[in-house]
Amino acid sequence: MFRADLHCHTTCSDGTLPPEALVAYAVERGLQGLAITDHDTVEAFGRALPEAKRLGLQLMSGVEFSTVFEETVVHVLGYAFDLKSPLILDLCDRHRQRRQDRMDQMVKKLRRLGFEVPLMKDEGVLGRPHLAQALVDAGHVASIDEAFKKYLGDGRSCFVPGAAFSVEETLEVIHGAGGLAVIAHPMLVKKTSCLKRLYRLPFDGIEAFYARWPRHQEQRWIDVAKSRDWLITGGSDFHGSIKPRIDLGCSWVQEEVFTPLYERFLENNRD
Ligand code: AMP
Ligand code: FE
Ligand code: FE
Ligand code: ZN
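Here's a quick rundown of the structure. Bear in mind the structure is a predicted one, so any value in this text is a computation, not a measurement.

A closer look at the coordination of the iron ion (ligand 2)
Protein ligation of the iron ion (ligand 2) involves Asp14 (OD), Asp14 (OD), His39 (NE2) and His239 (NE2), the donor distances falling in the range 2.1 to 2.8 Å. Bound by 6 donor atoms, the iron ion (ligand 2) shows angles of 50 to 152 degrees at the metal and therefore irregular coordination geometry. The metal-metal distance between the iron ion (ligand 2) and the iron ion (ligand 3) is 5.8 Å. With Asp14 in the loop between β1 (4–5) and α1 (19–28) and His239 in the loop between β8 (231–235) and α9 (255–268), this residue pair connects regions lying 225 residues apart in the sequence.

Considerations on the packing of helix α3 (residues 86–112) against helix α6 (residues 167–176)
Running from N to C, α3 and α6 point in directions that differ by 145 degrees, and their axes come no closer than 8 Å. Packed against α3, whose contacting residues are Leu87, Ile88, Leu91 and Arg94, the element α6 presents Glu169, Thr170, Val173, Ile174 and Gly176 at the interface.

Some details on the pattern of salt bridges
In this structure the tally under the stated criterion is 16 salt bridges. One salt bridge connects Arg197 with Glu70, and the closest N-O pair in it is separated by 2.5 Å. Taken together, the positions of Arg197 in helix α7 (residues 192–198) and Glu70 in the loop between β4 (62–69) and β5 (72–79) put the pair 127 residues apart, joining distant regions of the chain. On the accessibility criterion, Glu70 (37% relative accessible area) is partly exposed.

Thoughts on the coordination of the zinc ion (ligand 4)
Coordination sphere of the zinc ion (ligand 4), protein contribution only: His7 (NE2), His9 (NE2), Glu64 (OE) and Asp237 (OD), at 2.1 to 2.2 Å. Here the zinc ion (ligand 4) is ringed by 4 donor atoms whose angles at the metal span 80 to 171 degrees, and the overall shape comes out irregular. We note that the donor set of the zinc ion (ligand 4) lies within a single chain, spaced as H-x1-H-x54-E-x172-D.

Quick notes on the site of ligand 1
Inspection of the region around ligand 1 gives Asp14, His39, Arg99, Arg102, Gly127, Arg128, Pro129, Ile144, Asp145, Phe148, His239 and Lys243 as its neighbouring residues. Separating an oxygen atom of ligand 1 from a side-chain N or O atom of His239 is a distance of 3.1 Å. Between Lys243 and ligand 1, the recorded distance is 3.3 Å, taken from a side-chain N or O atom to an oxygen atom. Here ligand 1, which alone exposes 500 Å², has 76% of that area covered by the protein. Secondary-structure elements contributing two or more residues to the shell around ligand 1 are α3, α4 (128–137) and α5 (144–152). By residue number, the principal contributor to the shell around ligand 1 is α5, which donates 3 residues. Each residue belonging to the shell around ligand 1 can be placed in one class, and the counts come to 3 nonpolar, 3 polar and 6 charged.

Quick word on the packing of aromatic side chains
Counted under the stated rule, the structure contains 8 aromatic pairs. For the ring pair Phe258 and Tyr262, a centre distance of 5.5 Å and an interplane angle of 20 degrees mean the geometry is stacked. With Phe258 and Tyr262 both in helix α9 and 4 residues apart, this pair spans about one turn of that helix. By relative accessible area, Tyr262 is classed as buried at 17%.

A word on the nonpolar core
Core analysis: the biggest nonpolar cluster contains 71 residues, and Leu34, Met60 and Phe203 have the highest contact counts within it. Setting aside anything within four residues of it in sequence, one finds Met60 in contact with Leu6, Leu34, Ala35, Ile36, Phe45, Tyr79, Ala80, Phe258, Leu261, Tyr262 and Phe265. Residues Ala132, Ala147, Cys158 and Val160 belong to the second largest nonpolar core, which totals 17 residues.

Topic: α3
Between its first and last C-alpha, α3 extends 39 Å over 27 residues, near the 39 Å set by a 1.5 Å rise per residue. All of the buried residues along α3 are Ile88, Leu91, Cys92, His95, Arg98, Arg99, Arg102, Met103, Met106, Val107 and Leu110. Contact partners of the buried residues in α3: β4, α4, α5 and α6. Measuring from the side-chain oxygen of the N-cap residue of α3 to the backbone nitrogen of Leu87 gives 3.2 Å; that N-cap residue is Ser85. The first or second residue beyond α3 is Gly114, which carries a positive phi of 95 degrees.

Describing the packing of α3 against α4
A pair of packed helices is characterised by two quantities: the angle between their axes and the separation of those axes. Look at α3 against α4: their axes get within 11 Å of each other, and the N-to-C directions meet at 30 degrees. Classified by the interaxial angle, the pair formed by α3 and α4 is roughly parallel. The handedness of the crossing between α3 and α4 comes out as right-handed. In this structure, α3 uses Arg102, Met103, Met106, Val107 and Leu110 to contact α4, whose residues at the interface are Arg128, Leu131 and Leu135.

Quick notes on α4
With 7 of 10 residues buried, α4 is to be regarded as a mostly interior element. Residues of α4 that are buried: Arg128, Pro129, His130, Leu131, Ala132, Ala134 and Leu135. Tucked inside the fold, the buried residues of α4 contact α3 and α5. One or two residues past the end of α4 sits Gly139, with phi positive at roughly 80 degrees.

The rules behind each value
Residues numbered from 1 in each chain as written. Chains lettered and ligands numbered in written order. Predicted model: local features only at pLDDT ≥ 70, side-chain atom pairs only at ≥ 80, totals over all residues. Heavy atoms only, no water. Donors = N, O, S within 2.8 Å, 3.2 Å for Na, K, Ca; no water. Tetrahedral: all angles 85-135°; square planar, octahedral: opposite > 155°, others 65-115°. Helix = DSSP H or I, 4+ residues; strand = E, 2+ residues; numbered from the N terminus. Axes fitted to C-alpha atoms, helices over the stretch in contact; angles between N-to-C directions. Contact = heavy atoms within 4.5 Å. Salt bridge = Lys/Arg side-chain N within 4 Å of Asp/Glu carboxyl O. Buried < 20%, exposed > 50% of the residue type's maximum accessible area, 1.4 Å probe, protein only. Near = heavy atom within 4 Å. Polar contact = N/O pair within 3.5 Å; in protein donor to acceptor, adjacent residues only side chain to side chain. Areas by Shrake-Rupley, 256 points an atom, 1.4 Å probe, with all protein chains shown as cover. Nonpolar A, V, L, I, M, F, W, Y, C, P; charged D, E, K, R; others polar. Phe/Tyr/Trp six-rings, centres within 6.5 Å; stacked < 30°, edge-to-face > 60°. Core = buried A, V, L, I, M, F, W, Y, C linked by side-chain atoms within 4.5 Å. Expected span 1.5 Å × (residues − 1). Parallel < 35°, antiparallel > 145°, perpendicular 65-115°, else oblique. Left-handed = near helix turned anticlockwise from the far one by under 90°.

Structure follows, in structure tokens:
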């Protein structure tokens, strides 16, 4: 049966598999289609696309942008856009700067608490999981989970949100690059009122199948999509060994969802 995972991360953001290895792993897991959705970067595709071609995997453009909506962090997935779009590349660039600045501020806060955190990364963007890993490696906390619970989780003492880019602007960028925009993991948006106002924005779909979320809870999101004529998407949010319980392909979509998106991707990326 055709299966495509539309949500996963590489070492270009906070995943632990490099782009080529992620593509090879997707094939090993029996997937036919894949969208890599790194946080705020499309760097993986330069390396992942040739490998996907070599292995016969249908790989399409994807990204997971961090946005702020009514002071709530909302993740927005973009698909099938032009990978060379200046709009996309410029937003990624601004996110890189935001992430660098906020990382400096979070490190400063941790140092004030007496923690030493050497941060190193040779590719891609830095995120809180890297900082959490550095705290584990330095022996300051026992686990990544503890690092988030005590210091780095939203609203905790060393959390810094960084400059905000709005959902509205992010949707304009994705659409301007010929892509489609999807509300990521709606089950993680705590406030129902916030979700309801999100539904009024020009999204094209909602991620109804997510990670290992219970199957019986999917209907709510499917109903939202159907009443708006939106796409019903899904994916694992695979991050590799940093989130060991979530395997690639544990949530996925069928050919009917993937193929129109993939054709749009091919159309937008003819050279
Ligand atoms: P950032 O994009 O730098 O704000 O970091 C957010 C990322 O951190 C999320 O996409 C997850 O991958 C990860 N994350 C968030 N909360 C936790 C948590 N409690 N435990 C482990 N990882 C988390
Ligand atoms: Fe992540
Ligand atoms: Fe996310
Ligand atoms: Zn994700």
